[in-house]
Amino acid sequence: YVEFGRCPSPLVDELQPLLMKLAAYYLTIETHHGRPLCPVAKFHIRNGAEMYRLNYMADTSRKGMRNSCGMMINYRYSLDEIEENRVRYEIRGEVVVKDGVHCWLESGLDKTSRL
């Protein structure tokens, strides 16, 4: 077991684009029956949140590194849009994905992704 967070800084920096793309893909495209694989994502999206921003090396604890290579995501609840986002997800399987996540996806997904 290698502690990624203790790797030399150049290696950590070089891996950032790849890990950010993989995290964005996992959170927005990889699904089971059209729903996110991540139970935390499922919870927030079902409650009307939008995927707001990916954060690299945000949780460098042993558990954070083991579970997600230190990656974390921010979900944002816009009060004026919570109900609309929740209904959109429940009825059509659509999730609002903001630029802080969307920018890491190579494919040209819309800002509202269909999961």
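Going by the structure above, here's the rest.
Trainee: What exactly am I supposed to notice about the overall build of the protein chain here?
Mentor: From N to C terminus, the protein chain includes five helices and six strands. Along the protein chain, helices (α) and strands (β) appear in the sequence α-β-β-α-β-α-β-α-β-α-β when read from the amino end. Burial status across the protein chain gives 37% buried among its 115 residues. In the protein chain, of all internal contacts separated by at least 6 residues, the share reaching a separation of at least 24 is 60%. By element, 53% of the accessible surface of the protein chain is carried by carbon and sulfur atoms, the whole surface being about 7100 Å².

Trainee: Looking at this structure, I do not really get the nonpolar core. What am I missing?
Mentor: Burial of nonpolar side chains together is a common tendency in soluble globular proteins. Counting residues in each nonpolar core, the largest one holds 21 residues, and the members touching the most others are Leu27, Met51, Leu54, Ile73, Tyr75 and Val101. Residue contributions to this core peak at six residues, all from helix 1 (residues 9-28). Leaving out residues up to four positions away in the same chain, Val101 has contacts with Ala24, Thr28, Met51, Tyr52, Arg53, Leu54 and Ile73.

Trainee: When you look at the side chain of Glu50 in this model, what are you seeing that I'm missing?
Mentor: Among the secondary structure elements, Glu50 is positioned in strand 3 (residues 50-55). Relative accessible area serves as the criterion here: at 0%, Glu50 is assigned to the buried category. One polar contact links Glu50 to Arg76, side chain to side chain, over a distance of 2.6 Å. The contact partners of Glu50, leaving out residues within four places of it in the chain, are Asn74, Tyr75, Arg76, Ser78, Glu81, Asn85, Val96 and Lys98.

Trainee: Could you clarify how one ought to interpret helix 2 (residues 39-46) in this entry?
Mentor: In an α-helix, one full turn covers 3.6 residues, which means residues spaced three or four apart are oriented alike. Considered for burial, the residues of helix 2 that qualify are Ala41, His44 and Ile45. Across the axial projection of helix 2, the buried residues extend over an arc of 95°, all falling on one side. Looking at the buried side of helix 2, the elements it contacts are helix 1, strand 2 (35-36), strand 3, strand 4 (72-76), helix 4 (82-92) and strand 5 (94-98). At the exit of helix 2 stands Gly48, carrying a positive phi of roughly 95°.

Trainee: How should I be thinking about the pairing of strand 4 in this particular structure?
Mentor: Taken residue by residue, a regular strand's side chains alternate between the two faces of the sheet. Only one face of strand 4 is buried, namely the one carrying Ile73 and Tyr75, since none of Met72, Asn74 and Arg76 on the opposite face is buried. With five bridges joining them, strand 3 and strand 4 adopt antiparallel strand pairing. For Glu50, the partnering residue across the bridge sits in strand 4 and is Arg76.

Trainee: It is not clear to me how the packing of helix 2 against helix 4 should be interpreted in this structure. Could you clarify?
Mentor: For any two helices packed against each other, the geometry is given by the interaxial angle and the distance between the axes. Remark: helix 2 packs on helix 4, axes separated minimally by 8 Å, with the N-to-C direction vectors making an angle of 120°. One element, helix 2, and the other, helix 4, form an angle in the oblique class. The residues of helix 4 that touch helix 2, namely those facing Lys42, Ile45 and Arg46, are Arg86, Tyr89 and Glu90. A class-by-class count of the residues in the contact of helix 2 with helix 4 yields two nonpolar, no polar and four charged.

Trainee: Mind showing me how you'd approach the pattern of salt bridges here?
Mentor: A side chain of one charge can pair with a side chain of the opposite charge if their charged atoms are brought near each other. Going through the model one piece at a time under the given rule, you end up with five salt bridges. A salt bridge links Arg76 to Glu50; the shortest N-O distance between them is 2.6 Å. One end of the pair, Arg76, is in strand 4; the other, Glu50, is in strand 3, with 26 residues separating them in the sequence. Glu83 is the partner of Arg86 in a salt bridge, and the nearest nitrogen-oxygen pair spans 2.7 Å. Remark: Glu83 and Arg86 occur in helix 4; sequence separation between them is three residues, near one turn of the helix. Overlapping salt bridges bring together Glu84, Arg88, Arg92 and Glu94 as one network.

Parameters at a glance
Residues numbered from 1 in each chain as written. Predicted model: local features only at pLDDT ≥ 70, side-chain atom pairs only at ≥ 80, totals over all residues. Heavy atoms only, no water. Helix = DSSP H or I, 4+ residues; strand = E, 2+ residues; numbered from the N terminus. Buried < 20%, exposed > 50% of the residue type's maximum accessible area, 1.4 Å probe, protein only. Contact = heavy atoms within 4.5 Å. Areas by Shrake-Rupley, 256 points an atom, 1.4 Å probe, with all protein chains shown as cover. Core = buried A, V, L, I, M, F, W, Y, C linked by side-chain atoms within 4.5 Å. Polar contact = N/O pair within 3.5 Å; in protein donor to acceptor, adjacent residues only side chain to side chain. Arc of directions from axis to C-beta. Pairing = 2+ DSSP bridges. Axes fitted to C-alpha atoms, helices over the stretch in contact; angles between N-to-C directions. Parallel < 35°, antiparallel > 145°, perpendicular 65-115°, else oblique. Nonpolar A, V, L, I, M, F, W, Y, C, P; charged D, E, K, R; others polar. Salt bridge = Lys/Arg side-chain N within 4 Å of Asp/Glu carboxyl O.

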